[in-house]
Amino acid sequence: MKTQSLLYFSSFCLLTTLHAADPAGMAFFEQKVRPVLVEHCYSCHSAEAKKLKGNLYLDSKAGWEKGGDSGEPVILPGKPDESLFIRTIQHLEADMEMPPKKPKLPPAVIDDLVAWVKMGAPDPRDGTKVAAKRGDKSWWSLQPNKTDLATAGSIDDFIEAKLKEKGLGFNPPADPRALIRRMTYDLHGLPPTPEEVEAFVKDCETNTRASKDLIDRLLASPRYGEQWGRHWLDVIRFGESNGFERNFIIDDLHPFRDYVIRSFNEDKPFDQFIVEHLAGDVIGKDKPEVEVGSAFLVAGPYDDVGNQDPVAQKNIRAATIDDMVTATGGAFLGLTLNCARCHNHKFDPIPAEDYYRVRAAFEGVTHGRRVVATAEQRKAHAETMKPLTAKLAALNAKKEALDKKIDTRAKTQFAQMKFTRPPVDRFGTDESFPATEAKMLRFVISGFTSDAESKAKPGGPGGRLTEFQVWSSSGKNIALASQGTKAEGAKSATAEDFPEAYGPQYCIDGRLGEAWFIGTPPVLTLTFARPEKIERITFINSRAGKEDAEDDSKVRGATPTEYEVQVSMDGKTWRAVASSEGRQPYTEALGIVMARRTVITADEKATLAGLEKQIAEVNAAIARVPKLPEIWAGKFAQPKEKTFLFRGGDPMKPVNEVTAASLNVLDGVTKPYQLTADAPEGERRLALARWIVSKENPLTPRVLANRLWHYHFGTGIVDTPSDFGYLGSKPTHPELLDYLAAKLVANGWKLKALHREILLSRTYQQSSSALSNPGMQVDGASRLLWRFPPRRLAAEEVRDTMLAVTGSLQLDPMGGPGFRLYKFTQNNVSTYFPLEKHGPETYRRAVYHQNARASVVDVLSDFDFPDVAFASPKRASTTTPLQSLTLLNHSFTLDMAEALARRADGPEAVEKAYRLLFQRKPSATESGAAHALMAKHGLRALCRALLNSNELIYLE
């Protein structure tokens, strides 16, 4: 594409956005929405319903768009609050609660349906309802591989045979410049240097091995692992935050990303790679470079909100394991196993039992971090820690013995203590005193309901107050901010995105809602608008009034139990007017803590202080010992419960017991296995992994070979890379797919040999031109490969290219913690803000970006970088005005234009800029236009324009 079509001109034109089906949205529908509709709605609202209710069909997109008797759509995409469908399942419409005469759907299910409507209600079901068709065990992908094809010709033979059927032939070979750019981007995701292009063009003139030598050099480079590792991370839904409501950052998952890149560079056999993903901790105990592979299981999103409702907990756990089942089925087998979670698969011959057989393999997996270290590291750490932990245990034993002795006396003393007032009431405690005039009031706290665990240091953490009232002699609460009162006090928590959060002002807002998170010192100071005569205070730590005093869920944090109320006229001289003295302790444990202060002797205090000092010193020594490395690689434990098939996918409806076993769908072509209900946890995952990569399994090598083809040609032989089932596409060249799969296995599951064969083929090395070939009329999408299909660079390639051509890209060091193109704040939930400025510290390859779920990243997101909430085996490629605006105006582009201008500056700036960006000389026309632009606006403006050119981001 030598014509310079500058993208920034499109900013001033009307563009038609090319909408591609959103893979993430469709995946969400299939996983979260369709099963709910099938189980809860189809019996009354489908073509198969015995009696259609309300004339409403929910078994097709056309049905909910048409609506029921009203003729109005029941779903308004993007507007869940206005969608009748959502309102009825939320029971917000009188006499229309759905499902009728049944319990309300679980909150998690309703949240999923609301999220689906918010994202635009993506729905792949088209128009007219027809009788469901489905595949059976004779489906093409479930048949044994034709391994004899491995010696039956070549890639070009299979392609040429299909072309001849359509009366087509190959294009001429691509010119050397196009070919080296194509190969370098395919294997490295980066442009070749001008010197590399010139050397290759020259080499092609005399050396018949020029392409082979180039491919070998590219495959030997560490850049290969970065490019193809990124592809694999897409397939396995790798993300570095947990997603869902809290979406916190996971800072120690990058070792898994580095392991993936390293494995590709080492050309690790892919069957071994898969086994390590599922059971790396089993086969690689004390081998971190292997054990880290099992982080695959927990690299997806999971809900950690910690719901205490037993039903919600079971549903959350079911969804967590479902992510592992879905990722395993899609990545390795190309099967949508998750569609059999609620019932037998509607389209593929996958019974629901198959889903639960795989689930049984993952029952013992939970999310979290664990030590991943060598045996030598563990031994050295244990030897260092042993004397320290022994000393700490001895000191703690002495302290515990003395504490027990003091507590015995304290319990006796507490039994004899008399109290004149009731204990503190979290829902409202009154403290009266003689009427006194004051301009300021201070509430000094010395104890909380949490202090039972802290015998020596009253004033435990986590204290809260939702409201503090000061009553005047006239019966008016003069503490309210609306009365001009100001509140001051330290807070124990901060929220970067909301600086006012948790402050003492919430104590005087007149509402039982937000609370003051009491900090250190625990003192609340109120300044009134004017001197007032006051006689009572009330403090509350509850989100409800006394009428709800039985509802402990309304109380958050610890409540003050020991305190003093002080007043002042000038803020300098303070006088105590009331205190907690005489109040009954809130609990017996707190009473014993109070009594300790009266029975402990001076010698005992000194001894305890000495012990605490020694304990602190030992703890400090322990803290200085380097910790064993921990990684977010999941935790494994023997399952406590058996696995059952759930009717309708509902964890509260167990039916038949299921044990870990191979899939029935492939029992005719692979050797089956079945484990007992008490099989060890690790053995379950290892057995599944070995079955997936067994020689007889036809799916795994086919799926993998297709992925290679997909990334080399932009579309796979099967253009649904993770779905080889009935709803997926059939292969355009089935014999070629079996040939590639057989070659892969014959090569010991190593990828580099297959890369070489593909890249050396005539099919790959042909021109991308559409001229002088009738293929465009017969096969406009180039699926038959009568030409090489041109493509736009992926999001990471766009960004990395701009860094590379401007001399800004930092290739070393590889790996390690990722950089961030966003700022995030965390306050129970996380919020992500795209960076407006991308500094030099971010000038690494995009594969090392710390990808958080639901974060929007400028440049990357604009060019269809997927949301890693789901696997993305096939990326969308849209064309939008925002892409033009970003490349033209973003500070990153401006910085790159400045860097390119510095690099190209000199007497032949135009020629150098073209050589750096496009690895060629400008034409006479281009040179003239470029010099004219540079003369008028400067070299930086020219560089900015060239960085916006189609030639830079499209590959021939």
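Residues numbered from 1 in each chain as written. Predicted model: local features only at pLDDT ≥ 70, side-chain atom pairs only at ≥ 80, totals over all residues. Heavy atoms only, no water.

Asker: What's the story with the overall build of the protein in this structure? I'm lost.
Answerer: For the protein, the helix and strand inventory stands at 30 helices and 18 strands. A buried classification covers 53% of the 956 residues belonging to the protein. Carbon and sulfur atoms form 54% of the exposed surface of the protein, whose accessible area is close to 42700 Å². Side-chain charges of the protein comprise 125 positive and 123 negative groups, with the mean position of each set lying 2 Å from the other. (Helix = DSSP H or I, 4+ residues; strand = E, 2+ residues; numbered from the N terminus. Buried < 20%, exposed > 50% of the residue type's maximum accessible area, 1.4 Å probe, protein only. Areas by Shrake-Rupley, 256 points an atom, 1.4 Å probe, with all protein chains shown as cover. Lys, Arg positive; Asp, Glu negative; His and termini not counted. Charge placed at Lys NZ, Arg CZ, Asp CG, Glu CD.)

Asker: Mind showing me how you'd approach helix H6 (residues 176–188) here?
Answerer: Counting along an α-helix, one turn takes 3.6 residues, and residues three or four places apart therefore face a common direction. Taking 1.5 Å per residue, 13 residues should reach 18 Å; H6 reaches 17 Å between its end C-alpha atoms and fits that length. Where burial is concerned, most of H6 is hidden: 12 out of the 13 residues are buried. N-cap assignment for H6: the residue whose side-chain oxygen lies 3.0 Å from the backbone N of Arg177 is Asp175. Gly189, located one to two residues past H6, shows a positive phi value of around 75 degrees. (Expected span 1.5 Å × (residues − 1). Polar contact = N/O pair within 3.5 Å; in protein donor to acceptor, adjacent residues only side chain to side chain.)

Asker: What is the right way to read the packing of helix H1 (residues 23–40) against helix H4 (residues 107–118) from this model?
Answerer: It is the contact of H1 with H4, at a shortest axis distance of 10 Å, that shows an interaxial angle of 125 degrees. Our classification of the angle between H1 and H4 gives oblique. Between H1 and H4 lies a crossing whose hand is left-handed. Mapping the contact onto sequence places Phe28, Phe29, Lys32, Val33 and Val36 in H1 and Val109, Asp112, Leu113, Ala115 and Trp116 in H4. Among the residues forming the contact of H1 with H4, the class breakdown is 8 nonpolar, no polar and 2 charged. (Axes fitted to C-alpha atoms, helices over the stretch in contact; angles between N-to-C directions. Parallel < 35°, antiparallel > 145°, perpendicular 65-115°, else oblique. Left-handed = near helix turned anticlockwise from the far one by under 90°. Contact = heavy atoms within 4.5 Å. Nonpolar A, V, L, I, M, F, W, Y, C, P; charged D, E, K, R; others polar.)

Asker: Looking at this model, I keep getting lost on the side chain of Glu30. Mind explaining?
Answerer: Tracing the backbone shows Glu30 in helix H1. According to the relative accessible area criterion, Glu30 is buried, its value standing at 17%. Only 2.7 Å separates the side chain of Glu30 from the side chain of Arg34, close enough to count as a polar contact. Setting aside its immediate chain neighbours within four residues, Glu30 contacts Pro35 and Pro124.

Asker: Can you help me understand the packing of aromatic side chains in this one?
Answerer: Both the distance between ring centres and the angle between the ring planes are used here to describe each pair of aromatic rings. In total, this model carries 36 aromatic pairs according to the counting rule given. When the ring of Phe443 is compared with that of Phe539, the centres are 5.1 Å apart and the planes differ by 40 degrees; the resulting orientation is tilted. Here Phe443, found in strand S3 (residues 429–448), pairs with Phe539, found in strand S8 (residues 523–540); they are 96 residues apart in sequence, far enough to count as distant. Here Phe443 falls in the buried class, since its relative accessible area comes to 0%. Assessed through its relative accessible area of 1%, Phe539 is described here as buried. Seen in terms of ring centroids, Tyr822 and Tyr832 are 5.2 Å apart; in terms of plane orientation they differ by 80 degrees. Their pairing is edge-to-face. Taken together, the residues Tyr822 in strand S16 (residues 822–827) and Tyr832 in strand S17 (residues 829–834) connect sequence positions 10 residues apart. (Phe/Tyr/Trp six-rings, centres within 6.5 Å; stacked < 30°, edge-to-face > 60°.)

Asker: Could you clarify how one ought to interpret the packing of helix H27 (residues 909–918) against helix H29 (residues 939–947) in this entry?
Answerer: In helix packing, the relevant descriptors are the interaxial angle and the interaxial distance, both defined with respect to the helix axes. The interhelical angle for the contact between H27 and H29, taken along N-to-C directions, is 25 degrees, at an axis separation of 11 Å. Accordingly, the angle class assigned to the pair H27 and H29 is roughly parallel. Every pair of crossing elements has a handedness; the one defined by H27 and H29 is right-handed. Taken together, the residues of H29 that come into contact with H27 (itself represented by Ala909, Val910, Ala913, Tyr914, Leu917 and Phe918) are Leu939, Leu942, Leu946 and Leu947. Taken together, the residues of the contact of H27 with H29 sort by class into 10 nonpolar, no polar and no charged.

Asker: I would appreciate a short explanation of the pattern of salt bridges in the present structure.
Answerer: When charged atoms on two side chains of opposite charge get close, those side chains can pair. In this structure the tally under the stated criterion is 53 salt bridges. Between Arg756 and Asp216 there is a salt bridge, with its nearest N and O atoms 2.8 Å apart. Within this pair, whereas Arg756 is found in helix H21 (residues 751–759), its partner Asp216 is found in helix H8 (residues 210–220), the two being separated by 540 residues in sequence. The exposure class of Arg756 is partly exposed, given its relative accessible area of 30%. Asp216 sits in the partly exposed class, given a relative accessible area of 32%. Between Arg530 and Glu532 there is a salt bridge; the shortest N-O distance is 3.7 Å. The exposure class of Glu532 is buried, given its relative accessible area of 19%. (Salt bridge = Lys/Arg side-chain N within 4 Å of Asp/Glu carboxyl O.)

Asker: Mind showing me how you'd approach unusual backbone geometry here?
Answerer: If a residue is not glycine, its phi is most likely negative; likewise, a peptide bond is most likely trans. Cis rather than trans, the peptide bond between Met98 and Pro99 has omega equal to -5 degrees. Checked against the element boundaries, Pro99 lands in the loop between helix H3 (84–89) and H4. A cis amide bond links Asp812 with the next residue in sequence, Pro813, at an omega value of 0 degrees. Within the secondary structure, Pro813 is located in the loop between helix H24 (795–805) and S16. The phi torsion at Lys101 lies on the positive side, around 60 degrees, for a residue other than glycine. Relative to the helices and strands, Lys101 is located in the loop between H3 and H4. Residue Asp286 is not a glycine yet carries a positive backbone phi of 65 degrees. Tracing the backbone shows Asp286 in the loop between helix H11 (270–283) and helix H12 (288–291). Exposure remark for Asp286: the relative accessible area of 25% places this residue in the partly exposed category.

Asker: How do you make sense of the environment of Ala616 when you look at a structure like this?
Answerer: Structurally, the position occupied by Ala616 is in helix H17 (residues 602–624). Through-space distance from the C-alpha of Ala616 to that of Ala661 is 52 Å; in sequence the pair is 45 residues apart.

Asker: Before we go on, may I ask you to explain the confidence of the model for the protein in this structure?
Answerer: Do not read the predicted coordinates in detail wherever pLDDT is low. Residues with a pLDDT of 70 or more make up 95% of the protein, whose mean pLDDT is 91. Below pLDDT 50 for its whole length, residues 454–460 participates in 16 contacts with residues either more than four positions away or in separate chains. (pLDDT = per-residue confidence, 0-100.)

Asker: What am I meant to see in the pairing of strand S9 (residues 560–568) here?
Answerer: Consecutive side chains of a regular strand alternate in pointing toward one face of the sheet and then the other. By the criterion of burial, S9 is predominantly enclosed, with 8 of the 9 residues buried. The pairing of S3 with S9 spans 8 bridges and is classified as antiparallel. Bridge pairing in S9 links Arg442 to Gln566. Of the pairings in the sheet, the one linking S9 to strand S10 (residues 575–579) comprises 4 bridges and is antiparallel in character. Its bridge partner lying in S10, Val565 is registered against Ala578. Between S9 and S10, which pair antiparallel one after the other, the connecting turn spans 6 residues, and Gly571 there sits at a positive phi close to 80 degrees. (Pairing = 2+ DSSP bridges.)

Asker: Before we go on, may I ask you to explain the environment of Lys386 in this structure?
Answerer: Note that Lys386 resides in helix H15 (residues 375–416). Note on Lys386: relative accessible area 63%, which makes it exposed. The spacing of Lys386 and Gly582 is 196 residues in sequence and 48 Å in space, taken between C-alpha atoms.

Asker: How should I be thinking about H29 in this particular structure?
Answerer: When we look at burial in H29, the residues that qualify are Leu939, Leu942, Cys943, Ala945, Leu946 and Leu947. Those residues of H29 hidden inside the fold are in contact with H24, helix H25 (881–889), helix H26 (891–904), H27, helix H28 (924–937) and helix H30 (950–953).

Asker: Teacher, can you tell me more about the state of the cysteines here?
Answerer: By definition, a disulfide links the sulfur atoms of two cysteines through a covalent bond. For the structure on display, the rule yields 0 disulfides. Unpaired in terms of disulfides, Cys339 finds its nearest cysteine sulfur in Cys342, a separation of 9.3 Å. (Disulfide = S-S within 2.5 Å.)

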